[in-house]
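# Report on the structure
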Amino acid sequence: MSTRTGEAYQQTRFHRIIRENVCPKEFRDIKRPVLMNNWEGTYFDFDDDKIMDIADCAKEAGCEMLVLDDGWFGARYDDHAGLGDWVVNRDKLKKGMDAIADHVESLGMKFGLWFEPEMVNEDSDLYRAHPDWALTDPGRKPVMARDQLVLDMSRPEVIEYLYESISAVLRRAKISYIKWDFNRSLSNVFSRGLSADRQGEVAHRFVLGSYRLMERLRESFPDVMIEGCSGGGGRFDAGILFYSPQIWCSDNTEAINRLKIQKGTTYGYPVSTIGSHVSASPNHQTGREVPLMTRTIVAMVGTFGYELDPRTLSADEKAMIRRQIDVFNRYYDLIQRGMYLRLSDELDEEYYTSWGFVSEDKSEALLNLVVTDVRANPEVIYVRMRNLDPEAMYEVDNCISSCEKVPENDAGEKADVIGQVFSGAALMNAGYAFDPVFGSYPAIQLHFRKKC
């Protein structure tokens, strides 16, 4: 067995174990909605009218769920205050959370909400009432990160408070999804609830407390799905995936950076657990400009969604997003449950990155390419597929592309490659030869269907 074949075999085993035996079974087989998250569209600057307008525009673009991110609670106008006070900010959301949820539901969409349960700001009612509930060293100034401290999840009274306050929000409004964030690492791990000779237990008890809170909320609200998050992928582990079937992969939403981030994540975790969104261009973290279709193809390595302000989209962009969502939904089972293939190595990735999916029965495959170093007079890119039926014939029945100077229809679909037929043996041994591609970070996605 070659190194690459052995790696793919082991990866597939990891993916199946996580997907089939670790993640919550009630969310394993259902289709998860394509969401619109408001964070990079508004940050903290929103009110209920703005969120409802965003929901309307997200619906027009074909999205299936709206997620209201940080800033809806307490005195939360920036990241300096409010964490721990899980009550609706009625100055910003005058109509209440239930009115927003009802409006989203009336559009035929689901509604999700952001929480960061394990954290607290010093400028919060919770901290002023219970400063001893934060992990801090006696007699020393604590290490701050994002202006917040970590709650002592080893203490039952902290778990009880969080359960009751979060449950009150979930009972009041129709909420289908929680984005459960964790935006700093642990430090000053000292609990005032344990004696000095037991402080070595705190870190372990902290994790057990988080699990206990997730378990209680899941028992009380079995239809609410949790997405784990820790500034992105810091929360990726099998323990959290037992309660949360997906993890937000990284707060870096820039598509070209995401190529390596998502590739690395798939060494241990299946695509069905990877939260990945299309964000605005220029990207807010890097300033890089990347075509919408390229951002979309990259974000399809995951649960898929959008994180931008849909009110800024043109009618043509909304129409393109609707088509993109249609494509993702068409290949949902293939992407979420098919065998994931890394088809480029580190040397290739100085030029391009390629990956693919093959269904378990080998009846269909999806081949993806992003060129990150566009060249004059470029060498031909050959990408060899894997795990196809070598005796079967495969036909290209769909192609989407962000490449410039190629024949495209108004859906961004390349008509010139539709109908090409190759044997499985040819695709695996010689590879698919891509025509030279040009433009800013061009991308191509090909779908192959096994011919009868």
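Structure report, in brief. These numbers were taken from a predicted model, which means no experiment stands behind them.

## Here's the deal with the environment of Ile321
Position of Ile321 among the secondary structure elements: in helix H12 (residues 315–330). Relative accessible area serves as the criterion here: at 0%, Ile321 is assigned to the buried category. Apart from residues lying up to four places away in sequence, Ile321 is in contact with Ala61, Leu292, Tyr306 and Leu313.

## Side note on the pairing of strand E12 (residues 339–342)
Neither face of E12 is open: one carries Met339 and Leu341, the other Tyr340 and Arg342, and all of them are buried. As defined by bridge partners, E12 adjoins strand E13 (residues 352–358) across four bridges and the pair is classed as antiparallel. By the bridge assignment, Arg342 is partnered in E13 with Trp355.

## Section: the nonpolar core
Membership of the largest hydrophobic core comes to 101 residues, with the highest contact counts inside it found for Trp72 and Phe111. Among the elements that line this core, the one with the most residues is helix H7 (residues 156–172), at seven residues. The residues contacting Phe111, other than those within four sequence positions of it, are Met65, Leu66, Leu68, Met97, Ile100, Ala101, Val104, Glu105, Lys174, Ile175, Ser176 and Tyr177. Membership of the second largest hydrophobic core comes to 28 residues, among which are Tyr352, Val371, Leu446 and Phe448.

## So, the packing of H7 against helix H8 (residues 202–220)
How two helices sit against one another is set out by the angle between their axes and by the gap between those axes. Two elements in contact, H7 and H8, have axes separated by 10 Å at closest approach and are oriented at 30°. As summarised for this structure, H7 and H8 are arranged roughly parallel, according to the angle between their axes. The interaxial crossing formed by H7 with H8 has right-handed handedness. In contact with Ile159, Glu160, Leu162, Tyr163, Ile166, Ser167 and Leu170 of H7, H8 contributes Gly209, Leu213, Arg216, Leu217 and Ser220. The residue makeup of the contact of H7 with H8, split by class, is seven nonpolar, three polar and two charged.

## Digging into the pattern of salt bridges
A complete count under the given rule lists 32 salt bridges for this structure. Here Glu254 and Arg288 are joined by a salt bridge, their closest N and O atoms 2.9 Å apart. Note that Glu254 is positioned in the loop between strand E8 (246–248) and helix H10 (255–265) and Arg288 in the loop between strand E10 (277–279) and helix H11 (292–299), a separation of 34 residues in sequence. A salt bridge links Asp389 to Lys450; the shortest N-O distance between them is 3.1 Å. Of this pair, Asp389 sits in the loop between strand E15 (381–383) and strand E16 (393–401) while Lys450 is found in strand E19 (residues 443–450), placing the two residues 61 residues apart along the sequence.

## Section: the packing of aromatic side chains
Enumeration over the complete set of coordinates arrives at 22 aromatic pairs. Relative to Phe73, the ring of Trp72 has its centre 5.2 Å away and its plane inclined at 75°; by these criteria the two rings are edge-to-face. The buried category is assigned to Phe73, whose relative accessible area is 0%. Where Trp86 meets Trp114, the ring centres are 6.3 Å apart and the plane angle is 55°; that geometry is what we call tilted. Placement of Trp86 in the loop between strand E2 (65–68) and helix H5 (97–106) and of Trp114 in strand E3 (residues 110–115) is noted, with a sequence separation of 28 residues between them. With respect to class, Trp86 is no different from Trp114; both count as buried. Here the guanidinium or amino end of Arg216 rests over the ring plane of Tyr163, the centre of that ring lying 3.9 Å away. Here Arg258 stacks its cationic end above the ring of Trp248, 4.8 Å away from the centre of that ring.

## As for the sheet that holds E16
Strand pairing in a sheet takes place through backbone hydrogen bonds and is either antiparallel or parallel in direction. Strand order in the open sheet formed by six strands is E12-E13-E14-E19-E16-E17, with antiparallel pairing between adjacent strands. The open sheet is flanked by E12 and strand E17 (421–423), the only strands paired with a single partner. Ignoring which end each strand starts from, the neighbouring axes of this sheet average 25° apart. Pairing between E16 and E17: three bridges, direction antiparallel. What sits directly across from Glu395, in E17, is Val421. Across the face of the sheet, H11 comes into contact with E13, strand E14 (364–371), E16 and E19 while running at roughly 50° to E19.

## As for the packing of H11 against H12
Where H11 contacts H12, the axes come no closer than 11 Å and their chain directions differ by 25°. Judged on the interaxial angle alone, H12 and H11 are roughly parallel. Judged by the twist between their axes, the crossing of H11 over H12 is right-handed. Residues Leu292, Met293 and Thr296 of H11 pack against Glu317, Met320, Ile321 and Gln324 of H12. Grouping the constituent residues of the contact of H11 with H12 by class yields four nonpolar, two polar and one charged.

What counts, and at which threshold
Every chain is numbered on its own, with residues counted from 1 as its sequence reads. Reporting of local features is limited, given that this is a predicted model, to residues whose pLDDT is at least 70; pairs of side-chain atoms are given and counted only at 80 or more, and all residues count toward the totals for whole chains, interfaces and linings. Side-chain numbers come from the whole structure's heavy atoms, not from hydrogens or water. Numbering of helices and strands runs from the N terminus; a helix is a DSSP stretch of H or I covering at least four residues, while a strand is a stretch of E covering at least two. Residue exposure (1.4 Å probe, protein chains only): buried if accessible area is under 20% of the type maximum, exposed if over 50%, otherwise partly exposed. Here, two residues are considered to be in contact whenever any of their heavy atoms come within 4.5 Å of each other. Here, a strand pair is defined by DSSP locating no fewer than two bridges between the strands. Among buried residues, the Ala, Val, Leu, Ile, Met, Phe, Trp, Tyr and Cys ones that are joined through side-chain atoms within 4.5 Å form a nonpolar core. Throughout, an axis means a line fitted to C-alpha atoms (over the contacting stretch in the case of helices), and angles, computed between N-to-C directions, take values from 0 to 180 degrees. Throughout this description, any angle smaller than 35 degrees is read as roughly parallel, any larger than 145 degrees as roughly antiparallel, any in the 65 to 115 degree range as roughly perpendicular, and the remainder as oblique. Here a crossing is taken to be left-handed if its near helix is turned anticlockwise relative to the far helix by less than a right angle, and right-handed if that turn runs clockwise. Only Asp, Glu, Lys and Arg are considered charged, only Ala, Val, Leu, Ile, Met, Phe, Trp, Tyr, Cys and Pro nonpolar, and every remaining residue, Gly among them, polar. Here, a salt bridge means any Lys or Arg side-chain nitrogen found within 4 Å of an Asp or Glu carboxyl oxygen. In this scheme Phe, Tyr and Trp rings, the latter by its six-membered ring, pair at centre separations within 6.5 Å, and the angle between planes marks the pair as stacked below 30 degrees, edge-to-face above 60, and tilted otherwise. Two conditions define a charge sitting above a ring: the NZ of Lys or the CZ of Arg must be within 6 Å of the ring centre, and it must be within 35 degrees of the ring normal.

None of the figures reported here should be taken as evidence of function without further support.
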